[in-house]
Protein chains: 2
Amino acid sequence: MSTVPADRPKAAERIQAAAKDLFYRQGIRATGIEEVCRVADATKMSLYRSYPSKDALVAAVLSQDSACYDQWVLEVTQACATPGDKLRALVTAMVHKLSDAEYRGCPLLLAQAEFPDRDHPTHQWVAAQKARMRDGLVELARQAGAAEPGLLGDGLSMLMDGAWASLPYLGPERAGQVARQGAEALLRDALPQGG
Amino acid sequence: MSTVPADRPKAAERIQAAAKDLFYRQGIRATGIEEVCRVADATKMSLYRSYPSKDALVAAVLSQDSACYDQWVLEVTQACATPGDKLRALVTAMVHKLSDAEYRGCPLLLAQAEFPDRDHPTHQWVAAQKARMRDGLVELARQAGAAEPGLLGDGLSMLMDGAWASLPYLGPERAGQVARQGAEALLRDALPQGG
DNA sequence: TAGGTAAGTGACCGGTCGGTATCATCAAGA
DNA sequence: TCTTGATGATACCGACCGGTCACTTACCTA
């Protein structure tokens, strides 16, 4: 029962994986250290050997969330030939994600809402990450030859945030439809004939 | 010192006002009962005489937030002659609100993010209220003669939610610009020549 | 076979949480 | 004047929070 299969993930990894899941599903403040350890099948001492505090664990989880977004962008766009195709593929993938039953929106945005104080380090860190994600969209828009790359990138970014914010009351199908139409209007206005 | 000016607001009102402010600025879970009472200059017993639990206080505050939104819509639109003008006035007022230094986005959305579990009563209640707000926009769009009232109303609703979600990383000016252009595009596509 | 290291165990800490009990105070109306 | 209802003050409760302690177990490797 307490013997450990030799190829089991290390305690720190199990803890971070459990925290990522629980923080996302229940909220950060609503999730206690002991619950994380119980789900991870680890002990508090293992947690505190790898993370000096709960805040540090939160930071690690959010960093991982941010990295997951980067990888998601890579996977979605790597098969696309042009920057314009990449933008369209991202919109399609985002709309598709809205229908995932486990999906509750951008984890960074959720976290930021839990710390609405602008001076809170987590709030500021999330804002910086979201700005970075926005920059990526703006850069893609620039490469695609958009007349106003900033407007297209910012618009898509705002649209995505709005899509998952509206998910609870619009539902996945409707939110997907509206987001898709909005994105198509943005792309149509900004890109020269489908570039 | 402890004598009470006769025309002072009642304890329940002071408590609810303090809770509304603190819940919005710090978050609901981050705000303790005792802090609410301290700011309200009231005692815990006064709180529990008027509200059976913290959850009940939260519900009362969110109901007030919802009512404030309704009144805001009324104030913004009452001077407008046509439904189309009302929609445009709402967009303008929303953009203007983004520049308010105290503004942190829709309080209901903040609260919903604190309870990401879809089964949580607060989460569901917020979703119902947001759906009601959306219905109001759809009805205005229908009165304005929009080709697809649902698309215009849902689109504006999603755009507003996206605007304040993006506020922390876009900043008020940029978020306002992008939201305004998006709203104008929506209105332009949906409304027959400025109706 | 010895030693180092990662992990587990369970008790424990001070503090804070939401919530309750008891009693005193005070203004206003009958 | 006497009552009454709203409020204040304060001590208290059990539960849980994040975090720490001394100590044990299991595995890998030299």
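So, how was this worked out
- Residues numbered from 1 in each chain as written.
- Chains lettered and ligands numbered in written order.
- Predicted model: local features only at pLDDT ≥ 70, side-chain atom pairs only at ≥ 80, totals over all residues.
- Heavy atoms only, no water.
- Near = heavy atom within 4 Å.
- Polar contact = N/O pair within 3.5 Å; in protein donor to acceptor, adjacent residues only side chain to side chain.
- Helix = DSSP H or I, 4+ residues; strand = E, 2+ residues; numbered from the N terminus.
- Nonpolar A, V, L, I, M, F, W, Y, C, P; charged D, E, K, R; others polar.
- Contact = heavy atoms within 4.5 Å.
- Buried area = accessible area lost by both parts, 1.4 Å probe.
- Salt bridge = Lys/Arg side-chain N within 4 Å of Asp/Glu carboxyl O.
- Least-squares fit on C-alpha atoms with pLDDT ≥ 70 in both.
- Buried < 20%, exposed > 50% of the residue type's maximum accessible area, 1.4 Å probe, protein only.
- Phe/Tyr/Trp six-rings, centres within 6.5 Å; stacked < 30°, edge-to-face > 60°.
- Lys NZ or Arg CZ within 6 Å of the ring centre and 35° of its normal.
- Axes fitted to C-alpha atoms, helices over the stretch in contact; angles between N-to-C directions.
- Parallel < 35°, antiparallel > 145°, perpendicular 65-115°, else oblique.

Going by the annotation in an unreviewed UniProt entry, the name recorded for chain A is TetR/AcrR family transcriptional regulator, with Falsiroseomonas frigidaquae given as the source organism.

Description of the protein's contact with DNA strand D
Around DNA strand D lies a shell of 20 residues, among which A:Lys44, A:Met45, A:Tyr48, A:Lys54 and B:Ser46 are the nearest. Contact between DNA strand D and A:Lys54: a phosphate oxygen at 2.6 Å from a main-chain N or O atom of the residue. In the environment of DNA strand D, a phosphate oxygen lies 2.7 Å from a nitrogen or oxygen atom belonging to the side chain of B:Ser46. Only helix H2 (33-40) and helix H3 (44-50) of chain A together with helix H1 (11-26) and helix H3 (44-50) of chain B provide two or more residues apiece to the surface near DNA strand D. Considered class by class, the residues forming the surface near DNA strand D number seven nonpolar, five polar and eight charged.

As for the side chain of B:Thr77
Following the sequence through the fold, B:Thr77 ends up in helix H4 (residues 54-77). When near neighbours in sequence (up to four residues on either side) are disregarded, B:Thr77 contacts B:Lys86 and B:Leu90.

Quick notes on the interface of chain A and chain B
A common way to express how large an interface is: the accessible area buried when the components associate. Across the boundary between the two partners, chain A contributes 43 residues, which contact 43 residues of chain B. For the pair chain A and chain B, the summed buried surface comes to about 3,500 Å²; carbon and sulfur atoms form 62% of the total. Summed over the shared surface of chain A and chain B, the result is two salt bridges. Two residues, A:Arg174 and B:Asp154, come together in a salt bridge whose shortest N-O distance is 2.5 Å. There are 14 residue pairs in polar contact (both at pLDDT 80 or more) connecting chain A and chain B. Secondary structure elements with two or more residues in the side of chain A that touches chain B: helix H1 (11-26), helix H6 (107-114), helix H7 (121-143) and helix H8 (149-190) of chain A. Considering every element that reaches the side of chain A that touches chain B, the biggest residue donor is H8(A), with 20 residues.

Re the relation of the copies chain A and chain B
Least-squares fitting of chain A to chain B yields an RMSD of 0.0 Å, with the superposition described by an axial translation of 0.0 Å and a rotation of 180°. The two molecules are tied by a two-fold rotation axis, judged by turn and shift. In terms of C-alpha distance to the rotation axis, chain A has A:Gly162 as its closest residue, with the C-alpha 1.7 Å off the axis. Taken together, the interface assignments show that 100% of the residues at the interface of chain A recur at the interface of chain B, consistent with an identical surface on both copies.

Structural notes on the environment of B:Gly84
Residues and elements named next belong to chain B. Topologically, Gly84 is positioned in helix H5 (residues 83-98). Take Gly84: its relative accessible area is 0%, and that puts it in the buried class. Spatially, the C-alpha atoms of Gly84 and Gly145 are 8.4 Å apart, while their sequence positions differ by 61 residues.

Considering the protein's contact with DNA strand C
By nearness alone, 20 residues border DNA strand C, and A:Ser46, B:Ile33, B:Lys44, B:Tyr48 and B:Lys54 come closest of all. The sugar-phosphate backbone supplies 48% of the atoms of DNA strand C found within 4 Å of the protein. A distance of 3.4 Å separates a phosphate oxygen of DNA strand C from a polar backbone atom of A:Asp41. Between a phosphate oxygen of DNA strand C and a side-chain N or O atom of A:Ser46, the distance comes to 2.6 Å. Those elements giving two or more residues to the surface near DNA strand C turn out to be H1 and H3 of chain A together with helix H2 (33-40) and H3 of chain B.

Comments concerning the packing of aromatic side chains
All names here are of chain A. In total, this model carries four aromatic pairs over all chains according to the counting rule given. For the ring pair Tyr103 and Trp164, a centre distance of 6.0 Å and an interplane angle of 70° mean the geometry is edge-to-face. Taken together, the residues span a long stretch of sequence, with Tyr103 in the loop between helix H5 (83-98) and H6 and Trp164 in helix H8 at a distance of 61 residues. Positioned above the aromatic ring of Trp72 is the side chain of Lys97, whose terminal nitrogen or guanidinium carbon lies 4.6 Å from the ring centre.

Here's the deal with the packing of H5(B) against helix H8 (residues 149-190) of chain B
All names here are of chain B. Packing of H5 against H8 leaves a shortest axis separation of 11 Å and a crossing angle of 10°. When the interaxial angle is binned, H5 and H8 end up roughly parallel. Here the residues of the contact of H5 with H8 are counted per class, giving 17 nonpolar, two polar and two charged.

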